[in-house]
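Breakdown of the fold
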Amino acid sequence: MGAGKTTLGRQLAEHFQQTFHDSDQTICDKTGVSIPTIFELEGEQSFRERESCAINELTQLSNVVLATGGGTVLREQNRIWLRERGIVVYLHVLPEILVERTRYDFNRPLLQVDNPLKKMQQLYATRDPIYRQTSHIVLDVGTENHYITFKKLLAKLSES
Ligand SMILES: Nc1ncnc2c1ncn2[C@@H]1O[C@H](COP(=O)(O)OP(=O)(O)OP(=O)(O)O)[C@@H](O)[C@H]1O
Ligand SMILES: O=C(O)C1=C[C@@H](O)[C@@H](O)[C@H](O)C1
Ligand SMILES: [Mg+2]
């Protein structure tokens, strides 16, 4: 959450003249409600079902850059679809940086807790190995601005 998927995904799509999709946005468009509302009314498992449907559809499109939700890789089937149908980039950002970036955004139900840094560190510990296992490219992102990160991403993609 807050790693830069939307910012860099949009830039990448523009650069390669492709279409940008965001699976969280697709779910909101289809349901007509926000992600916190889906979590509140239906619970996380139901959100994960909707997310898998969106990932299955979106990974079958051609010429797209797709930003996934932060928890998309938790399901094995999603990981398979992503890896087999596309080039997967893991934007690796430390939890201390992520929590600063997401501090004033209330659109993430999992971070609405007393200690968001602790929660982010727990998510990072669980998910970092899964992101690495799912991705073809790992991009280490620090506190540099997104133009620098984008250049690093293009370089990594051209090597692959
Ligand atoms: N190097 C960087 N690369 C990308 N984004 C950056 C960078 N540095 C700072 N940011 C900022 O981080 C914030 C989060 O970026 P963004 O919304 O693209 O993340 P995201 O992964 O799409 O988050 P979400 O979990 O909401 O989908 C933005 O305000 C963006 O400008
Ligand atoms: O990290 C997560 O599990 C999530 C990240 C967001 O992109 C949303 O998909 C949702 O808030 C859950
Ligand atoms: Mg985003």
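Starting from 1, residues in each chain are numbered consecutively following that chain's sequence as written. All chains are assigned letters beginning at A, and all ligands numbers beginning at 1, according to the order in which they are written. Reporting in this predicted model follows two pLDDT cut-offs: at least 70 for local features of residues, and 80 or more for side-chain atom pairs to be given and counted; totals over whole chains, interfaces and linings ignore these cut-offs and use all residues.

1. Thoughts on the overall build of the protein chain
Broken down by element type, the protein chain carries 8 helices and 4 strands. We count a stretch as a helix when DSSP gives it H or I for four or more residues in a row; a strand needs E for two or more, and each element gets its number in order from the N terminus. Reading the protein chain from its N terminus to its C terminus gives the helix and strand order α-β-α-α-α-β-α-β-α-α-β-α. Note on method: radius of gyration uses C-alpha positions; expected globular size equals 2.2 Å times residues raised to 0.38. A globule of 160 residues ought to have a C-alpha radius of gyration of about 15 Å, and the protein chain, at 15 Å, matches this closely. Considered along the principal axes of its C-alpha atoms, the protein chain spans approximately 45 × 35 × 25 Å. It is the C-beta atoms, placed from the backbone, that decide contacts: two residues are in contact if theirs lie within 7 Å. Looking at the protein chain alone, contacts between residues at least 24 apart form 69% of all its contacts between residues at least 6 apart.

2. A short note on the UniProt feature "binding site: ATP" (unreviewed entry) in the protein chain
On the UniProt side, "binding site: ATP" (unreviewed entry) is annotated at positions that read Gly 2, Ala 3, Gly 4, Lys 5, Thr 6, Thr 7 and Arg 108 here. The residue Gly 2 is located in the segment before helix H1 (5-15) in this model. When sequence neighbours within four positions are dropped, the list of residues in contact with Gly 2 reads Leu 98, Arg 101 and Thr 102. For Ala 3, the location among the structural elements is in the segment before H1. The exposure scheme places C-beta atoms from the backbone and then counts, for each residue, the other C-beta atoms within 10 Å of its own, assigning buried at 20 or more, exposed at 12 or fewer, and partly exposed in between. A tally of 21 C-beta atoms within 10 Å means that Ala 3 is categorised as buried. For Ala 3, the residues in contact, after removing those within four places along its chain, are Leu 91, Val 93, Leu 98 and Val 141. UniProt positions are given in the numbering used here, feature names are shortened, and annotations may be inferred rather than shown by experiment.

3. Re the site of ligand 1
Defining nearness, a residue is near a molecule or strand when the C-beta atom obtained from its backbone falls within 6 Å of it. As a structural note, the neighbourhood of ligand 1 is formed by 16 residues, with Gly 4, Lys 5, Thr 6, Thr 7 and His 146 the closest of them. For the shell around ligand 1, the secondary structure elements donating two or more residues are H1 and helix H8 (146-159). Tallying contributions element by element places H1 first for the shell around ligand 1, with 4 residues. Lys, Arg, Asp and Glu make up the charged group, whereas Ala, Val, Leu, Ile, Met, Phe, Trp, Tyr, Cys and Pro make up the nonpolar group; the residues left over, Gly among them, are polar. Split into classes, the residues belonging to the shell around ligand 1 amount to 5 nonpolar, 8 polar and 3 charged.

4. Notes on the environment of Glu 76
Inspection of the secondary structure puts Glu 76 in helix H5 (residues 76-85). Distance from Glu 76 to Thr 134, taken between C-alpha atoms, is 9.4 Å for residues 58 residues apart in sequence.

5. Quick notes on the site of ligand 2
All residues in the neighbourhood of ligand 2 are listed as Met 1, Asp 24, Ile 35, Gly 69, Gly 70, Gly 71, Arg 108, Pro 109 and Leu 110. For the shell around ligand 2, the residue count by class is 4 nonpolar, 3 polar and 2 charged.

6. Observations regarding the confidence of the model for the protein chain
pLDDT expresses how confident the predictor is about each individual residue, on a scale running from 0 to 100. Of the residues in the protein chain, 100% have a pLDDT of 70 or more, and the chain-wide mean is 96. Scoring of the predicted complex yields 0.95 for pTM and 0.94 for ipTM.

7. Concerning the UniProt feature "binding site: substrate" (unreviewed entry) in the protein chain
UniProt's entry tags Asp 24, Arg 48, Gly 70 and Arg 127 with the feature "binding site: substrate" (unreviewed entry), counted in the numbering of this structure. Looking at the secondary structure, you find Arg 48 in helix H4 (residues 44-58). By C-beta crowding, Arg 48 is classed as partly exposed, having 15 other C-beta atoms within 10 Å. Along the polypeptide, Arg 127 turns up in helix H7 (residues 116-134).

8. As for H7
The span expected for a helix works out to 1.5 Å for each residue beyond the first. Taking 1.5 Å of rise per residue, the 19 residues of H7 would be expected to cover 27 Å, and the 25 Å separating its terminal C-alpha atoms lies within 8% of that figure. Note that the bend at a residue is defined as the angle between axes fitted to the seven residues ending at it and the seven residues starting at it. Taken as a whole, H7 carries its principal kink of about 40° at Arg 127; the proline Pro 129 stands between one and four residues after it.

9. Some details on unusual backbone geometry
The phi angle at Gln 17 is positive, at roughly 50°, despite the residue not being glycine. With respect to the helices and strands, the residue Gln 17 is situated in the loop between H1 and strand E1 (19-22).

10. Concerning the nonpolar core
Judged by nonpolar contacts, the single largest core of 15 residues is most densely connected at Ala 3, Val 89, Tyr 90, Leu 91, Val 93, Leu 98 and Val 141. Sort the elements by how many residues they give to this core and strand E3 (residues 89-92) lands first, with 3 residues. In this structure, Ala 54, Ile 55, Val 65 and Ala 67 belong to the second largest nonpolar core, which totals 7 residues. In this usage, the nonpolar core is the set of buried Ala, Val, Leu, Ile, Met, Phe, Trp, Tyr and Cys residues whose C-beta atoms join them within 7 Å.

11. Quick word on the environment of Leu 61
Note that Leu 61 resides in the loop between H4 and strand E2 (64-67). Taking the number of C-beta atoms within 10 Å as the measure of exposure, Leu 61 has 13 and is therefore partly exposed.

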